[in-house]
Structures are given as structure tokens and as C-alpha cells.
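Per-entry structural report
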Amino acid sequence: MARSAGKRGKRGKTGLTRRAFLKGIGIGGGALGSGLLASEVVPKGGAKGSAVTRLGPGPVPITLKVNGRVSTVHLEPRVTLLDALRDRLDLTGSKKICDRGECGGCAVLLEGKPVFACMMLALDARGRSITTIEGIAAKGALHPVQEAFIAKDALQCGFCTPGFVVASKALLDENPRPSLDQVREALGGHLCRCGTYPRVFEAVLSVSGRPARAQGPGDPGRSA
Ligand code: FES
Ligand code: FES
């Protein structure tokens, strides 16, 4: 049975029809059909309520600051930060494993905080400081977290390791003496198919100066 015009135009408590609401917030069928994303619309001149400039869908210049170096690449606005790093800036240390925010292999630091680069548009990282695993080591010397991963044998195939190292660095920068539970929590979004969790935790604790082998329920030897 066909829906009546009255039903289609039914007003809510606000007095707005659904059609008027969608039109008001700018997501009518035309915008959706063109593939327009919220992040592709930026205020022109930054002024609130002023005209907007639409970016894309073709390549646009995007300037990224990665490991202290500023680079401009031409990318479609839909390109993720991970793909920009790996495919355009040749920074392949961040791994593309699940590509949907479930493994942590792609972790990088954004303004010092760990983010999954596969879940972020390169466009949204403009003007912000990005640190990848390639930028962790200073002047050719490995970071203490990297040294600890080697010393504690905290890797097997190594595919997950860049993400673990980056997230561990972020944790230790914020909390130089985390408990084992805090280490577990900070690394909770990271998966290791080889099962090296106990040694990863041990490595992070060794950098913090905590006993490498805690006793009891928080024992790093306990399987994750
Ligand atoms: S590749 Fe990004 S979370 Fe798995
Ligand atoms: S060391 Fe192989 S996936 Fe973690």
C-alpha cells in the first residue's frame, strides 16, 4: 500500500518535517549522492556561518608534518593517514593489517597521543605533529623502548611490533612508571598473532624501572 503524503510529511514535536530537517543540516540526497563527507567541507576563511569550500573528490594538496618534516602531497580527501604515510611518503613502518581499527599495527602518534592511522583521514591530520615508528629513534640511536623490545625478545614475526613500540612510548611519556595493569590497558587495542604479550609487557616494565617479573595476578608471564 502506498504511503500517504500526509504520513510522509508528518511533523515531529519540533514542527519540522524530516525533509526540512535534512535540508537544514545539508545532507539532502544531492550531497549524499555526490559522496560528500563532513570532513571534505571546511569553513572558508574559518569564519563560523560563512560560505564553505568543498574539497575533492579529486586530489587536493595536503600538507603533513611527519617526524618533524613538512611534506605536501596531492591526495583525494578520502585517503587515510595510513595510506598517505605508506604509499605517498614511503613510511612503511606503520603496518596495514586489518585496515579497520582492530589490531593496532598502524599506530602512530598524533600530537604525542597514539591513534590508529587506518581510521583517520590524512586530511584531518593537517597541521598536527605526526610521529611514526621511523621517527621514534633519535639521531640514529634506538629509543629505550626499542632497546627493551630487543633485550626482552618481545617479538617474533615483528609485524605488530611498530604499533606496540609507538603505543608503549606514548604510555611511558605520560606515565614513566606504569603498573602492569596500566601497561595492559594502554596496549589493549593491539593484537599480536604470535602471542608475545608477556615479553612485550616485560619490556615496557623494564624501561619503567619496575621489576621485570611482577608476581601475582599481574604477572607478565600470564598469557594475555
Ligand atoms: S591496520 Fe589499523 S588498526 Fe589494524
Ligand atoms: S610478533 Fe608476530 S604478530 Fe606480533
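Scroll up to find the structure this text is about.
The structure reproduced in this document is the subject of the present report. (Residues numbered from 1 in each chain as written. Chains lettered and ligands numbered in written order. Predicted model: local features only at pLDDT ≥ 70, side-chain atom pairs only at ≥ 80, totals over all residues. Heavy atoms only, no water.)

For the structure on display, the rule yields two aromatic pairs. Their ring planes at 75° and their centres at 6.2 Å tell us that Phe164 and Tyr197 sit as a pair that is edge-to-face. Residue Phe164 is found in helix α6 (residues 161-174), and its partner Tyr197 is found in helix α8 (residues 197-208); the two are separated by 33 residues along the sequence. Tyr197 carries the same exposure label as Phe164, and that label is buried. The buried category is assigned to Tyr197, whose relative accessible area is 16%. Through successive ring pairs, a cluster of aromatic residues spans Phe164, Tyr197 and Phe201. (Phe/Tyr/Trp six-rings, centres within 6.5 Å; stacked < 30°, edge-to-face > 60°. Helix = DSSP H or I, 4+ residues; strand = E, 2+ residues; numbered from the N terminus. Buried < 20%, exposed > 50% of the residue type's maximum accessible area, 1.4 Å probe, protein only.)

To summarise the sheet geometry, strands pair through backbone hydrogen bonds and adopt either a parallel or an antiparallel arrangement. Pairing is mixed in the open sheet, where five strands are placed in the order β4-β3-β7-β5-β6. Where the open sheet ends on each side, the last strands, each with one partner, are β4 (69-75) and β6 (113-116). Adjacent strand axes in the sheet meet at a mean angle of 40° when their direction is disregarded. Pairing of strand β3 (residues 60-66) with β4, which is carried by seven bridges, proceeds in the antiparallel orientation. The residue of β4 that forms the bridge with Val66 is Arg69. Contacting β3, β4, β5 (107-110) and β7 (129-131), helix α4 (residues 81-88) crosses the sheet at an angle of about 100° to β4. In this fold α6 packs onto β5 and β6, with an angle of close to 35° to the strand it touches most, β5. (Pairing = 2+ DSSP bridges. Axes fitted to C-alpha atoms, helices over the stretch in contact; angles between N-to-C directions. Contact = heavy atoms within 4.5 Å.)

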